[in-house]
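Here is what each chain is made of, one letter per residue.
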Amino acid sequence: MGREEKENTPIGSKTSKEQRPMGIGVTSSVPAMALRESEHEGRPTLEMTLRYISIGKWRNLLNALVCFSLTLFLYLLCDISLANCTNALAIDASVETGRYFGGYLFWLFAGTSMVYIGWYFGGGFTLRISSHIHALVVRRLLHAPIDRFFDKHPVGRIMNRITMDMTTIDLHLFLKISGSIMIAFQTMVPLAYIHAIMPLSMTALSLPFYYVVASLYGRYQNTTVPLRYCFKTSSSRTQSYLSDVMTSTVVVRGFGEQQRLSAEYAAAVDDSLKADLTDDRLMKRWLCNRVNYLWTFYNSVTYIIGLYNCSRLGPGTLGIALTNLLLLEGMIEPSLDMMAGALFELIALARVHEYTEVPQERAMRTLEDTALRSYSVRFMRKAATPLTKREKGDEVEVLANGRVVLRSTKDLRGLMLAETGVEGFQELCPSCAELHAVPTLHHIVAANDATGCAKLIADEICKSAKSFMTAAAFASPPMVNLEFQSDWLSSGARLDVQELRAGYAEVPQDVLKGVTFSVEPRMKVAVVGTTGCGKSSMLLALLRIIEPRGGRIVINGIDTRDIGLATLRTALGLVPQDPMLFTGSLRHNLDPFRLYTDGRIKKAVEYAHLAPFVSSLPLGLDHQVTDEGGNLSFGQRQLLCLARMVLRQPALLLLDEATSAIDPATQESVQDTINHAFPTSTMLAVAHRLETIMEFDQVVVLDAGKVAEEGSVKEVAAKPGGIFRRAGSGSRSFARQTTQEVQDYFHARIRRSLDDLAAVTGEAEDVERDADFSNGIAHLTFKDVGFSLPRSSYLRHQESGSSKGEKGLEGSSSSDGRKTILAPISGHYEPGKLVALMGPSGQRPRWCDII
Ligand SMILES: Nc1ncnc2c1ncn2[C@@H]1O[C@H](COP(=O)(O)OP(=O)(O)OP(=O)(O)O)[C@@H](O)[C@H]1O
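Conventions used here
Starting afresh in each chain, residues are numbered from 1 along the sequence in its written order. Given that the model is predicted, a residue must reach a pLDDT of at least 70 before its local features are reported, and side-chain atom pairs must reach 80 or more before they are shown or counted; all residues, however, enter totals for whole chains, interfaces and linings. With hydrogens and water excluded, all non-hydrogen atoms of the structure serve as input to the side-chain values. UniProt positions are given in the numbering used here, feature names are shortened, and annotations may be inferred rather than shown by experiment. Here a strand is any run of E in DSSP of at least two residues, a helix any run of H or I of at least four, and the numbering for each starts at the N terminus. When a residue's accessible area, from a 1.4 Å probe over protein chains only, is under 20% of the maximum for its type it is buried; when over 50% it is exposed; and in between it is partly exposed. Should any heavy atoms of two residues lie within 4.5 Å, those residues are counted as being in contact. Surface accessibility in these figures is a Shrake-Rupley result with a 1.4 Å probe; residues are shielded only by whichever protein chains are displayed. Being paired, for any two strands, means DSSP has found at least two bridges between them. A molecule or strand has a residue near it when one of that residue's heavy atoms lies within 4 Å. Throughout this description, a polar contact denotes any pair of N or O atoms lying within 3.5 Å of each other; where both atoms belong to protein, one of them has to be capable of donating a hydrogen while the other can accept it, and for residues adjacent in sequence the pair is counted only when both atoms sit in side chains. For this classification, the nonpolar set comprises Ala, Val, Leu, Ile, Met, Phe, Trp, Tyr, Cys and Pro, the charged set comprises Asp, Glu, Lys and Arg, and every other residue, Gly included, is treated as polar. Working definition: a ring pair exists when centres of Phe, Tyr or Trp rings (six-membered ring for Trp) sit within 6.5 Å. Plane angles under 30 degrees give stacked, over 60 give edge-to-face, the rest tilted. Charge-over-ring placement is defined geometrically: NZ (Lys) or CZ (Arg) within 6 Å of the ring centre, and within 35 degrees of the ring normal. Helix axes are fitted only over the stretch in contact, all axes being lines through C-alpha atoms; the angle between N-to-C directions runs from 0 to 180 degrees. These descriptions rest on fixed angle ranges, namely under 35 degrees for roughly parallel, over 145 for roughly antiparallel, 65 to 115 for roughly perpendicular, and the rest for oblique. Buried residues of nine kinds, namely Ala, Val, Leu, Ile, Met, Phe, Trp, Tyr and Cys, make up a nonpolar core once their side-chain atoms join them within 4.5 Å.

The chain is annotated in an unreviewed UniProt entry as ABC transporter from Effrenium voratum. UniProt annotates the chain under Subcellular location (unreviewed entry) with the comment "Membrane".

This is the structure in structure tokens:
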């Protein structure tokens, strides 16, 4: 059984005798063997412990240990001073006691100081460990492969480990471990003292007692460690449930799975409570009761032996020895807590440690790709070399001190270094270290707002900071932001996919089974095919999110496997099927690395047809996007992702059904953007709607992981009996090749949804339902189904939401303090009818979900 399976296996759902681990009353469906394996895995290994000690530094650990042992020794000297004082007073009541008290205070001060020094070294020790492991885990997680790690590990579990376990390491590791060491010394030192002063026979009598206590503790530990493992594992499950449900509330409701999920969540919480209570209460009481009884017996025997030897020992020494023994009894419970705690901290360390060994993607950068990667360099205009521009027909030159340093590229879209007498781009601003790193064959493709035109770029570079009295210089930004593109991609990206085989993680079957096709630079290619034929997988293989298993992907003569992932992925751009947004401003979402000027961001927003929406927002580009873009419609999210690409102008642009959620009117203009906003990009677009690819240069039709047809739209459409032709003449879309299976599935969903309709709509009035499933087909009747929200919760939505969607709802306020979201709708849908719900992009997504 794999580790993941074990962690996902419910530990308290069903029980059978043979499945009951350890006989400690925690019900479990994990077989005892498997639990033991997990327990073994959950325990810190010697190798791991030694490794972390060396990270925390042996020196720190040893210094802390020496300080703690010295502390106890010094405290013991305090006690001995008092004992000597009492002994002396017993012999002569008039003896001078000041010297004894002086000694006592001295040892007390020395002992307390030693505690602080010990904590200093111990703190340093654990701080090094926790900062090291935190940095390492974050780095490893950020570079973990999607298919081999993130697809297999629930988000909740990852979150649990890097939050709860990491906090445990940060806050408690040192406290618990140093506390355990202290307690071990606190126990050993008085015991050693007692055995040193008592007759040897008492030491011989004590040995069986120590043996029994040690074996009881061993049994306790053997049970409590797996219990703690169960607790941590079931806590991970509860976290997983929570995060899954929170991200898919609508789906859970739509499928009517609330009750099942509540029951599963309750069972997971129950499991973790059972494990925690059994460990924290039952096991501790079990051990403490036994050890307390044994200790009382041991104390009594020691007292009796001590009293017989009182005259030899002296009353003070005997008193101190017996008092310490008595104190030890009170320390049994805290010491157990502390020692078990230390072990659990080590378990947390072991759990987090697992993430330091997650598989990694290939290298982000290699030495070879220095010449291939793009650079973005920023320097102060006033530090730049004064430059002048000289136009020669369509061409342009940039001069420094009368010498040509830059000239326009062949396509007149950028600037490159003049061939002779120029050292490199550092001549533009000698004090800018980053310019020294830019290879001399790179081209300047943008300067501040100027992009795509050599003359405009030259104008921007030549603006002088010194002539600040002129209006033009006053308006020019104080910084020059240059973008350099490598020679590799300067004349577009030619793509050759040769016999490409690829698949996901450990799934042995290939999803792409020898795909071969070529795309000329700056061509627009549509990749079409039926659902599941491997279109998205091919885009992932191009980005090396899934690594090719065979064959090659070559861009302008360079095998993508020979370059670093970061270099490859900056050359490519993807607008995914499921648009990804971050919490933060719109500006942050468009330009997360702050590479572009506001002017370019605004232009990109305009190109993506988002300008009216952005200008309607009170904060404009500073409008805050909530978690994963929840306060934007799906279509708006897609447009934002498109605007990101307009800004970046990648050499190879990948579109994965990038406009699937955009309404037809916007779709037309966005299609226009796609066709014209990427003049230098080679484009590979996955499309289901055939009307969106009519202007494309080439079509690649995939079927079951292979290229079935290839050519211009006209050619593939003319192929008799071809897949593309069939899809085109039939339904005009590959997506609508609906199978009977899919229909059955939706009918089953409708049946369930109808039962829950009243609950889902919440405020539905007079819902008339009529579902006849006798033939497996639904008649659906809505009569005046409406929905409203209390004004307070509506306003909450409005505060966090985009204004556009709500503006449309302004007029629908009702008199009783509620806001009508869905005015009552009625309709009757016959079996076999296809009903489309339509509306412009930008409606609040949640309202649609509710409908
Ligand atoms: N993460 C994954 N792990 C394992 N198999 C996967 C994974 N993602 C996709 N697949 C499988 O790979 C095959 C191709 O999927 P892919 O997403 O590339 O299809 P597609 O042509 O893009 O489909 P659609 O048009 O529905 O987007 C499918 O059989 C799918 O089940």
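Q: Please give an account of the overall build of the chain that cites residues and values.
A: Scanning the chain from N- to C-terminus turns up 29 helices and 22 strands. By residue count, 46% of the 851 residues in the chain fall in the buried class. Residue pairs in contact within the chain that sit at least 24 positions apart in sequence constitute 74% of those at least 6 positions apart. Split by element, the accessible area of the chain, about 41,800 Å² in all, is 59% carbon and sulfur.

Q: Describe the sheet that holds strand β10 (residues 512-519), and please don't skip the residues or the numbers.
A: Within the open sheet, the four strands sit side by side as β10-β9-β12-β13. Their pairing is antiparallel. Looking at strand neighbours, the two that pair on one side only are β10 and β13 (558-559), the edges of this open sheet.

Q: How would you summarise the site of the ligand if you had to cite specific residues and measurements?
A: Not every one of the 14 residues close to the ligand is listed here, only the nearest: Asp151, Gly532, Lys535, Ser536 and Ser537. Separating an oxygen atom of the ligand from a backbone N or O atom of Cys533 is a distance of 3.2 Å. In the complex, 63% of the free accessible area of the ligand, which totals 630 Å², lies under the protein chains. Of the residues belonging to the shell around the ligand, the class tally is three nonpolar, eight polar and three charged.

Q: Give a description of the packing of aromatic side chains that names residues and reports values.
A: On inspection of all chains with the given rule, the structure shows 11 aromatic pairs. Relative to Tyr298, the ring of Trp295 has its centre 5.6 Å away and its plane inclined at 55 degrees; by these criteria the two rings are tilted. Pair noted here: Trp295 and Tyr298 are both in helix α10 (residues 258-308), with a separation of three residues, about one helical turn. Like Tyr298, Trp295 is buried. Aromatic rings pair up to connect Phe209, Tyr210, Trp295 and Tyr298 into one cluster. The ring centre of Tyr100 lies 4.7 Å from the NZ or CZ of Arg99, which sits over that ring.

Q: Which residues make up the UniProt feature "transmembrane region" (unreviewed entry) in the chain, and what values go with them?
A: As annotated in UniProt, the feature "transmembrane region" (unreviewed entry) corresponds to residues 61-84, 104-122, 167-185, 191-213 and 291-308 in the numbering used here. Measuring from the first to the last C-alpha atom of residues 61-84 gives 34 Å, for a span that is 100% helix and 0% strand. In residues 167-185, the share of helix is 100% and the share of strand is 0%. The end C-alpha atoms are 27 Å apart.

Q: Account for the packing of α10 against helix α12 (residues 315-330), with residues named and values stated.
A: Between α10 and α12, the shortest axis-to-axis distance is 10 Å and the interhelical angle comes to 175 degrees. The orientation of α10 with respect to α12, classified from their angle, is roughly antiparallel. Contact residues: Asn292, Trp295, Thr296, Tyr298, Asn299, Thr302, Tyr303, Gly306 and Leu307 in α10; Leu318, Leu322, Leu325, Leu326, Leu328 and Glu329 in α12. Partitioning the contact of α10 with α12 into residue classes produces nine nonpolar, five polar and one charged.

Q: Describe in detail the nonpolar core, supporting the description with residues and values.
A: Leu586, Leu590, Leu655, Ile693, Val699 and Phe724 are the most contacted members of the largest nonpolar core, which totals 46 residues. Per-element accounting of this core gives the leading share, eight residues, to helix α22 (residues 634-648). If sequence neighbours within four positions are ignored, Val699 has contacts with Ala526, Val528, Ile693, Glu709, Glu710, Gly711, Val713, Val716 and Phe724.

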